[in-house]
Amino acid sequence: MSDTGILIIVHGSSNPQWVREVEEAVKGVKGDLPLEVGHLEFSKHETLEHGIRKLEGKGVKVILAVPLFVSSASTHISEIKYVLGLISAPGVETDLRPVSSSARFVWVDPMDAHPLILEIIIERIFSLSEGPEEEVLLLAAHGSDEPDFHQKWEKLLEEIKHLISLRIPFHDIIHGTLLPDNLRQKAEQVSNSGRTVIVVPLFLSEGYFTNKVIPEKLKGLSYKWNGKTYLPHPLITSWINEKIKNGISSERQKRVVDKDPITFETWFL
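Residues numbered from 1 in each chain as written. Predicted model: local features only at pLDDT ≥ 70, side-chain atom pairs only at ≥ 80, totals over all residues. Heavy atoms only, no water.

### Things to note about the packing of aromatic side chains
Part 1: Scanning the model with the defined rule gives two aromatic pairs in all.
Part 2: An aromatic cluster of three or more residues is present, and its members are F203, Y208 and F209.
Part 3: When the ring centre of F149 is taken as reference, the NZ or CZ atom of K152 above it lies at 5.5 Å. (Phe/Tyr/Trp six-rings, centres within 6.5 Å; stacked < 30°, edge-to-face > 60°. Lys NZ or Arg CZ within 6 Å of the ring centre and 35° of its normal.)

Below, the structure is given as structure tokens:
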């Protein structure tokens, strides 16, 4: 029996479609290691602590924490690390408290500008774009009002824009965020340029922000939009599998160095 388990960490949502799409993505995860999903919000029975306790009950001593989040710049990432005891204090105010566990947590990074995630973004762009040389791409992201997190968001968005520009010759690529609230301002700057504006959301799954908030902020402006998010897409499952594989590989190497017993040799072999 393996002493290593997987905790897929999600934000959670009151939108049933959001939950279903996440569940479908997780269903495709490879391997036979114990796996649980922990919700940060909107679930009383599938919280982070519930997921941890279930894994502990299966004899797990090492938990690979896989955050199914768009950006490392999210304030929720700081909260999650605090709950898992990976940092001594969160970077923002939170009602969450650390979960005491006998297991050791191994962290892997969120999606950010991972090549598989970039492929999804490119696909979403091509579902709208017809002649990029005459179009302006507007990436719509959540962002943050917190200074440190805002800087991290800006750095990530600039990286994504650069990577897109290497693949698609748009007339221009800009971005806007909900926090700080500058999405409409950015859209207005280009909506009267005479060029087609394409708006693509950088969100995990369809929900309140993509169904209501963003369309309401852009109301009355001329732009192309279909609201397609990262999910549903099979590459999200591929991303999870790759993160788990790399995390297990790093843990294996650490145990070899520390001369600890390795009990997950069958994973991805």
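More follows now that the structure is in view.
### A closer look at the packing of helix α4 (residues 115-126) against helix α5 (residues 147-165)
Part 1: Orientation of α4 relative to α5, taken along the N-to-C sense of each, is 65 degrees, at an axis distance of 11 Å. Seen along the crossing, α4 lies across α5 with a hand that is right-handed. Judged by residue contacts, L118, I121, I122 and I125 of α4 engage I160, L163 and I164 from α5.
Part 2: Broken down by class, the residue content of the contact of α4 with α5 amounts to seven nonpolar, no polar and no charged. (Axes fitted to C-alpha atoms, helices over the stretch in contact; angles between N-to-C directions. Helix = DSSP H or I, 4+ residues; strand = E, 2+ residues; numbered from the N terminus. Left-handed = near helix turned anticlockwise from the far one by under 90°. Contact = heavy atoms within 4.5 Å. Nonpolar A, V, L, I, M, F, W, Y, C, P; charged D, E, K, R; others polar.)

### Considering the sheet that holds strand β7 (residues 196-201)
Part 1: One open sheet accounts for three strands, arranged β6-β5-β7; its pairing is parallel. Either end of the sheet is taken by a strand with one partner, and the two such strands are β6 (172-179) and β7. Ignoring which end each strand starts from, the neighbouring axes of this sheet average 25 degrees apart.
Part 2: Across seven bridges, the pairing between strand β5 (residues 135-143) and β6 is parallel. Directly across from G143, in β6, lies its bridge partner L179.
Part 3: Against the sheet, helix α6 (residues 183-191) contacts β5, β6 and β7, and its axis sits at roughly 155 degrees relative to β6. (Pairing = 2+ DSSP bridges.)

The values are spatial; any link to function lies outside them.
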